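What follows is the residue order along each chain.
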Amino acid sequence: MTTDAPDGIPPHRYDAALADEIERKWQARWREQGTYETPNPVGGLSAGFDRVAGQPKLFVMDMFPYPSGSGLHVGHPLGYIGTDVYARFMRMTGHNVLHTMGYDAFGLPAEEHARQTGQHPRANTEANIATMRAQLLRLGLGHDVRREIATTDVGYYRWTQWIFLQIYNSWYDRDLARARPIAELVAEFASGARALEDGRSWGDLDEGERHAVLNGYRLAYLDEAPVNWCPALGTVLANEEVTAEGRSERGDHPVFKRPLKQWMMRITEYADRLIEDLAHIDWFESVKAMQRNWIGRSEGANVRFPAGSAMIEVFTTRPDTLFGATYMVVAPEHPLVDELQADAWPTGTRDAWTGAHDTPADAVDEYREEAAAKTELDRQAEGREKTGVFIGAFATNPVNGKQIPVFIADYVLMGYGTGAIMAVPGQDERDWEFAEIFDLPIIRTVQPPEDFAGDAYTGDGPAINSGFLDGLGVEDAKRAMIAHLQERGAGVGTTTYKLRDWLFSRQRYWGEPFPIVYDEAGNAVALPHELLPVELPELIDWAPRALDEDSDPEPPLGRATEWATVELDLGEGPTTYRRELNTMPQWAGSCWYYLRYIDPTNTEVVVDPEAERYWMTDAHGGIGGVDLYVGGVEHAVLHLLYARFWHKVLYDLGHVSGPEPFQRLFNQGYIQAAAYQDARGVYVDAHAVEERDGEFLYEGQPVTRTFGKMGKSLKNSVTPDEMYARFGADTLRLYEMFMGPLDQDRPWETRSVTGSMRLLQRVWRNVVDEDTGELTVSDEEPSEGLLRVLHRTIDAVRSDMGALRFNTAIARITELNNELTKLDGPTPRAVAEPLVRMLGPLVPHIAAELWERLGQEGSLVYASFPEADPAYLVEDTIELPVHVNGKMRSSISVAADASDQTITAAALADPKVIERMDGKEVRKLIVVPGRLVNIVV
RNA sequence: GGGGACGUGGCGGAACGGUAGACGCGGCGGACUCAAAAUCCGUUGAGGGCAACCUCGUGUGGGUUCGAUUCCCACCGUCCCUACCA
């Protein structure tokens, strides 16, 4: 054997070095030739559209990453590889595929980095993006790089600001259930077509009053909301930066809750539509459930309980149980408490109700103080034991006139419903618990079943002790009670949501500035579109500035003093304005990036309407949107809810063609890896752990193994670079796709990567001679049997790839390749070519290389995916299993089109079957054509 | 407490209600090699039998069915989300 390799390895073996050479060669060629550039029907990127004009389109997208400085591990690209394989497969089946990548690049880490190093966030961010782009390119992802965006690009966030203005300049018309321009509302007010809620006339209002009225309607509006103000750091902190003890994570300084005027988004107006449209999109049921839970719609009634001169309004989902309401509870911070509390304890007040205080005022004050001081940890530690105090007042149950005591307790939350409840211990477990502690009466109003042994009964049953409701089931009783209350003006059927309006201001530097200024009177003024973008000021003083507790919170942009005020002529002559100093949250940029992928170079509009229709309309009659969106389940609620909300606003205003952004969502699993803890519970470097006889040792000491998400904290990261060096990018891609179904978590096992490498080596060897580098392919016709295997494989691989079942597709391809390996002679070209085509989407570099060596001229990327010839899928004779009494006992060989009678006769004649039947009579005979025979005796 | 997902060899995982364990890792045996690695061939659920074969096997217990890993009910366990939401 002639070999020039000193270690005896054949010179043309597919190993890591050759893989590296091949991968770099093809990546360079793809870049030079713009292989992955996808044409638009119109506009700046429309060159070459003729080529694809007749093809169906496909829009495949990943959740774009934050460009972190710490680099990738092998868990990160799992979803990116999945979408890439799918996108490549769809290209080869004749689709015009839009597939690119972007960077969600605003955010805290870059700002923190700037504070520590003085390096500007933009420089840091751009460096990180460059690193990440190179890492992703090395994987061979087929992205149209011309369409890449970063949310921090001025040309991008200009349009984020533009969308903000669209939302700001609109209101939700509840009658039409859609957003409309605010100008139309103003016109209706001015003409009198619509009355103001408080009966005033629009013409009588001054400028400030008009601003205030419209602020109450706008979908983006100003409201006072509490922020975490840390005077020692001179900054406002995000919730995540505040410890459970209410101190700053950095420096451990005290943090104070302070109200600050902030931007809110009226997402609650869209609550119903956000729930309803879930029915029309193809997402995992679990994610839909999370969104429904988050929105938290509950149907019920608001009921008014007179209490002295006041009226306590409660929300309940169980108006049918009103006869069982024996006391009331309001949240400690409820505004009515001060008005309601009695001066002295009424006669007959039980000791347990007073908290040992002399007056209701003392009891309320102390309870409020205690409740406010409790942290989440305290509450959990106490096991949620019910606490509360009587406030000395009584309310009247509107259905039976009974006087019932009013308590405050922290198990009633100000933020949900009306902040007050009617307590029905008979049908509510929390109320039962409270009633037992405070010795309050319990009246059952639903008859529990006879075998019911618990306390509060929350199930269905006939109403009892409930006057006119008695005998009705829960649903009927609810309806009857709501009708009764509405007739008497004591209540009304309502719907409540857990969803809150979206707090949209952040007191940070590294985010999108608002396109808003304030006039001298403090009114917000939207900048006209011509003045966009509002760019972030570049010069920022990062040094900490210590302030005292009484000083006002100041966002970082307040330090850009030259920028913070601006002279503009907005139609009334040059005037000085103050700029909005807050920035938008990181969600803003990620709410709409899919739209910019469509038309990234457009400077006139956010996205060309024709291009938008082309990419976002579903040809199969679906609701439309991105055809496939892949990402982690951690974004199941916030990002996906916010993006759906923005999209619906844009839809209402006519800027996009459909009501949903993402028609199909797929959540990929996580790659986990073994992590090891020493005796102290500290994680040790997983790479340095040895396994010996089932024991795990680190520096000779035993450690325990667990599995967790790959990452720095568990010290179990494996980097792609390691994998490139040992195996190559194609092998890494293949292994990640082969590990298991894309939506499942799976443990990483570096030694198993070998298996994927071996497959590629065997494929290579079936086409290329390892010693000479010559082709080992013949033009001879493959055997009938091999052709059958080939076409069965094509059939299975096609359907697996279309359904994102890459693991089984790879298994089928492996089987086919094993057939070729077993072959004694050279590989028939008629098998080698379709094999290489099928590998194209999975391992694009080696496939392109083999494609070229096979003498093909065009790019494999746009070659057609093989199609199975149905003639080879049907067999002449088939092996049919024969069951006796449901157990597999034998198999018979029959013609594929044999009649039931023929099959039955063959089965009954089979010696093993006869033996198993043991001379017994046939009771039943099941013949499933093409599947099996079952004989019941 | 509520919601969701899931339980199959030593490991990752395959199986339109129809031959359980495809494909791969690891293990074992062999070829090649002075040797090792790499590569190649064979074998590998458990138990029994010289063998052909037989028995048992998809978390547990029921149910539906000629037939259940698959559908239904209950329980046990794991993971994720959410949480005093009235």
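A quick note: this is a predicted structure, and the numbers were derived from the prediction, not measured.

**Looking at the nonpolar core**
(1) Moving on: The biggest cluster of nonpolar side chains holds 181 residues, and the ones touching the most others in it are Phe59, Phe164, Trp263, Phe504, Trp646 and Trp748.
(2) Moving on: Once residues within four sequence positions are removed from consideration, Phe59 is found in contact with Leu98, Tyr594, Tyr597, Ile598, Trp615, Met616, Val626, Asp627 and Leu628.
(3) Moving on: Grouped together as the second largest cluster of nonpolar side chains are 52 residues, Ala307, Val330, Val364 and Phe438 included.

**Looking at the pattern of salt bridges**
(1) Moving on: Considering all chains together, one arrives at 49 salt bridges under this definition.
(2) Moving on: The partner of Arg24 in a salt bridge is Asp20, with the nearest N and O atoms 3.1 Å apart. Of the two residues, Arg24 and Asp20 both sit in helix α1 (residues 16–33), 4 residues apart, roughly one turn of that helix.
(3) Moving on: Overall, Arg24 belongs to the partly exposed group, its relative accessible area being 47%.
(4) Moving on: Accessibility expressed as a relative area gives 25% for Asp20, which makes it partly exposed.

**Quick look at the domain arrangement of chain A**
(1) Moving on: Examined at the domain level, chain A breaks down into domain 1 (1–33 + 718–874), domain 2 (55–152 + 587–667), domain 3 (163–288 + 502–579), domain 4 (298–496), domain 5 (674–709) and domain 6 (875–936).
(2) Moving on: On a C-alpha basis, the centres of domain 5 and domain 6 stand 55 Å from each other.

**Some words on a nonpolar patch on the surface**
(1) Moving on: A surface patch of nonpolar side chains, amounting to about 180 Å² of accessible area, comprises Leu908, Val922 and Leu925.
(2) Moving on: Looking at where Leu925 falls in the secondary structure, it is placed in strand β35 (residues 924–928).
(3) Moving on: A residue is classified by how much of its surface remains accessible, and Leu925, at 34% relative accessible area, is partly exposed.

**Examining the pairing of strand β27 (residues 695–698)**
(1) Moving on: Judged from the 2 bridges that link them, β27 and strand β28 (residues 701–702) form a sheet pairing that is antiparallel. Along β28, the bridge assignment pairs Leu697 with Pro702.
(2) Moving on: A loop of 2 residues connects β27 with β28, the two strands running antiparallel in sequence, and Glu699 in this loop sits at a positive phi of about 50°.

**Describing the packing of aromatic side chains**
(1) Moving on: For the structure on display, the rule yields 49 aromatic pairs.
(2) Moving on: With 3.6 Å between their ring centres and 5° between their planes, Phe64 and Tyr593 make a pair best called stacked. Of this pair, Phe64 sits in the loop between β1 (57–62) and α3 (78–92) while Tyr593 sits in helix α19 (residues 593–598), and the two are 529 residues apart along the sequence.
(3) Moving on: Here Tyr411 and Phe434 contribute two aromatic rings whose centre-to-centre distance is 5.5 Å and whose plane-to-plane angle is 45°, an arrangement assigned as tilted.

Rules behind the numbers
Along each chain, residue indices are assigned from 1 in the same order as the chain's sequence is written. In the order they appear in the text, chains get letters beginning with A and ligands get numbers beginning with 1. For this predicted model, a pLDDT threshold of at least 70 governs which residues receive local features, and a threshold of 80 or more governs which side-chain atom pairs are given and counted, while totals over whole chains, interfaces and linings are taken from all residues. Here the side-chain values reflect all heavy atoms present in the structure, with hydrogen atoms and water set aside. Residues grouped as a nonpolar core are buried Ala, Val, Leu, Ile, Met, Phe, Trp, Tyr and Cys residues, joined through side-chain atoms within 4.5 Å. Buried residues are those whose accessible area, probed at 1.4 Å on protein chains only, stays under 20% of the maximum for their type, while exposed residues exceed 50% and partly exposed ones sit between those limits. Here, two residues are considered to be in contact whenever any of their heavy atoms come within 4.5 Å of each other. Salt bridges are defined by distance alone: a side-chain nitrogen of Lys or Arg within 4 Å of a carboxyl oxygen of Asp or Glu. A run of H or I in DSSP becomes a helix once it reaches four residues, and a run of E becomes a strand once it reaches two; helices and strands are each numbered from the N terminus. Domain start and end points were adopted from an automatic or database domain assignment. Without a salt bridge and with relative accessible area above 30%, a residue can belong to a patch; like charges are then joined within 9 Å and nonpolar side chains (Val, Leu, Ile, Met, Phe, Trp, Tyr) within 5 Å. Accessible surface area values rest on a Shrake-Rupley calculation with a 1.4 Å probe, where residue burial reflects the displayed protein chains alone. A pair of strands counts as paired when DSSP detects no fewer than two bridges linking them. For Phe, Tyr and Trp, where Trp contributes only its six-membered ring, two rings pair if their centres lie within 6.5 Å, and the inter-plane angle classes them as stacked under 30 degrees, edge-to-face over 60, or tilted in between.

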